[in-house]
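Residue strings, one per chain:
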Amino acid sequence: MAEMVNQPKAAILGLLRSSGSPVSGTQLGRELGMSRVAIWKHVRDLMARGYDIERSGLGYRLVSAPDLLLPWELRGVRGEVHHFDEVGSTMDVARELARKGAGTGTIVVAERQSGGKGRLGRQWLSPPGGIYCSLILRPRISPAHAARTALMVSVAVAQAIRKVLGLPAELKWPNDVLIQGRKVCGVLAEMQAEADAVDFVVLGMGINVNTSVSEARATSLREELGRQVSRSHVLEAILSEVEALEGLLGTQELLEKWKSLSATLNRSVRIVGLGEEIEGEAVDVGSGGELIVRGRDGLLRSVVAGDCFHLS
Ligand code: BTN
């Protein structure tokens, strides 16, 4: 079942967190303009969701909270938040919402996915502990520049990981986020457009946060830091970075930010695309997000899609 933003729960948790000691139902009700019965109903819902809230003659005290991406835990998010314990793919849910008119900034998050989708038709394993989120945007850009939205999200993820956790996140073309050469996040973009205008894009991000990673080329934030990471803090930071970067979508500055975080440029790479393989040096990223590669024959080629392997 989807859970939507719930202001009273956010407010009750805010007051319980800032107090640290018990707060009576009467006081909560007075501060939030609600009856004690209404407060109790919300507290009961929170307890059913895994919040440990102690009840005594003095009132309610928050003992601990689960690390779930519940809508009321995501502060400062501008759009609607649709939260699921489990879903096939957040991409499919978000696309349906967008088709029905959901506004820019709407997000769909799931604690796990049974049919997570990766790039190039691959599967994206989505066990509990990761962030699985699809963001709907309605940017005013031409379809030819739509790939920039995915570049933007990868920049946002890398910047958020750097700022919040201090880890040296970098980018691998087209949209992977790496830490010390190992993948921590993948970004998937789907778009609906007319000939000359984008109707909406759905930007999916899958981030290994508190998950165990079995692949040598992958890592998780927990593995890098040696401790659990608050997924809600990471996601809040990413969404706020996206908001800050959106204004740059049509500018060279966005590409410059991508370049400054890039682990791909100036490297020897192999690109395995649809039916072709190119080896050479990655020299630049073009205005539509394409990678410019100088082949072994010295000629420049522009690559729009494919898997990129760093050779050196
Ligand atoms: C990649 O292949 O690197 C992209 C992976 C994208 C995975 C995310 S998880 C949230 C969203 N829902 C999906 O089914 N896929 C994307």
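Nothing here was measured: the structure is a model prediction, and the numbers come from that model.

Cut-offs and rules
Residues numbered from 1 in each chain as written. Predicted model: local features only at pLDDT ≥ 70, side-chain atom pairs only at ≥ 80, totals over all residues. Heavy atoms only, no water. Helix = DSSP H or I, 4+ residues; strand = E, 2+ residues; numbered from the N terminus. Rg over C-alpha atoms; globule rule 2.2 N^0.38 Å. Buried < 20%, exposed > 50% of the residue type's maximum accessible area, 1.4 Å probe, protein only. Areas by Shrake-Rupley, 256 points an atom, 1.4 Å probe, with all protein chains shown as cover. Lys, Arg positive; Asp, Glu negative; His and termini not counted. Charge placed at Lys NZ, Arg CZ, Asp CG, Glu CD. Contact = heavy atoms within 4.5 Å. Near = heavy atom within 4 Å. Polar contact = N/O pair within 3.5 Å; in protein donor to acceptor, adjacent residues only side chain to side chain. Pairing = 2+ DSSP bridges. Axes fitted to C-alpha atoms, helices over the stretch in contact; angles between N-to-C directions. Parallel < 35°, antiparallel > 145°, perpendicular 65-115°, else oblique. Left-handed = near helix turned anticlockwise from the far one by under 90°. Nonpolar A, V, L, I, M, F, W, Y, C, P; charged D, E, K, R; others polar. Right-handed = clockwise from strand over helix to strand, strands pointing away.

> Tell me about the overall build of the chain, and name the residues and values.
The secondary structure content of the chain amounts to eight helices and 14 strands. The C-alpha radius of gyration of the chain comes to 21 Å, within 12% of the 20 Å expected for a compact globule of 312 residues. Structurally, the chain occupies a C-alpha span of about 80 × 45 × 35 Å along its principal axes. Relative to its full complement of 312 residues, the chain shows a buried share of 50%. Only carbon and sulfur atoms are counted for the fraction: they give 49% of the accessible area of the chain, which is about 14,200 Å². Within the chain, one finds 37 positive and 36 negative side-chain charges whose respective centroids are separated by 4 Å.

> So what's going on with the environment of G29? Which residues, and what values?
Residue placement: G29 occurs in helix α2 (residues 25–32). Discounting residues that sit within four places of it in the chain, G29 has contacts with M34 and I39.

> Break down the site of the ligand for me, citing the residues and quoting the values.
Around the ligand, a shell composed of 20 residues is seen, among which S89, T90, K117, R119 and K183 lie nearest. Separating an oxygen atom of the ligand from a side-chain N or O atom of S89 is a distance of 2.7 Å. One nitrogen or oxygen atom from the main chain of R119 is found 2.7 Å from an oxygen atom belonging to the ligand. Protein contacts shield 98% of the accessible area of the ligand, which totals 410 Å² for the unbound molecule. Contributions of two or more residues to the shell around the ligand are made by α4 (90–99), β5 (131–137), β8 (182–193) and β9 (198–207).

> Quick rundown of the sheet that holds strand β14 (residues 307–310)? Include the residues and the values.
Spatially, the five strands line up as an open sheet ordered β13-β12-β11-β10-β14, and their pairing is antiparallel. The open sheet terminates on both sides in strands that have one partner only, identified here as β13 (300–303) and β14. With strand direction ignored, the average angle separating the axes of adjacent strands in the sheet is 45°.

> Describe the packing of helix α5 (residues 147–165) against helix α7 (residues 231–246), with residues and values.
The geometry of α5 relative to α7 is characterised by a closest axis approach of 8 Å and an angle of 130° between their N-to-C directions. By the criterion of interaxial angle, the relationship of α5 to α7 is oblique. Taken as a pair, α5 and α7 cross one another with a handedness that is right-handed. Of the residues in α7, those in contact with M152, V153, V155, A156, V157, Q159, A160, K163, V164 and L165 of α5 are V234, A237, I238, E241, V242, L245 and E246. Within the contact of α5 with α7, the residues separate by chemical class into 13 nonpolar, one polar and three charged.

> Mind laying out the pairing of strand β4 (residues 107–113), listing which residues take part and the relevant values?
Counted residue by residue, β4 has six buried out of seven residues, so it is predominantly covered. Relative to β4, strand β3 (residues 81–87) runs parallel, the two being bridged by six bridges. Paired with V81 across the two strands is I107, which belongs to β4. The parallel pair β3 and β4, bridged by α4, forms a crossover whose chirality is right-handed.

> Explain the pairing of strand β11 (residues 277–285) to me, and be specific about the residues and the numbers.
As paired elements, strand β10 (residues 268–272) and β11 share five bridges and run antiparallel to each other. Opposite R270, over in β11, you have E279 as the bridge partner. If you look at the hairpin formed by β10 and β11, you'll find four residues sitting between the two strands, and G275 has a positive phi there, around 75°. Two strands pair when backbone bridges link them, and β11 and strand β12 (residues 291–295) are joined in this way by five bridges, in the antiparallel orientation. For V285, the partnering residue across the bridge sits in β12 and is L291. A loop of five residues connects β11 with β12, the two strands running antiparallel in sequence, and G289 in this loop sits at a positive phi of about 90°.

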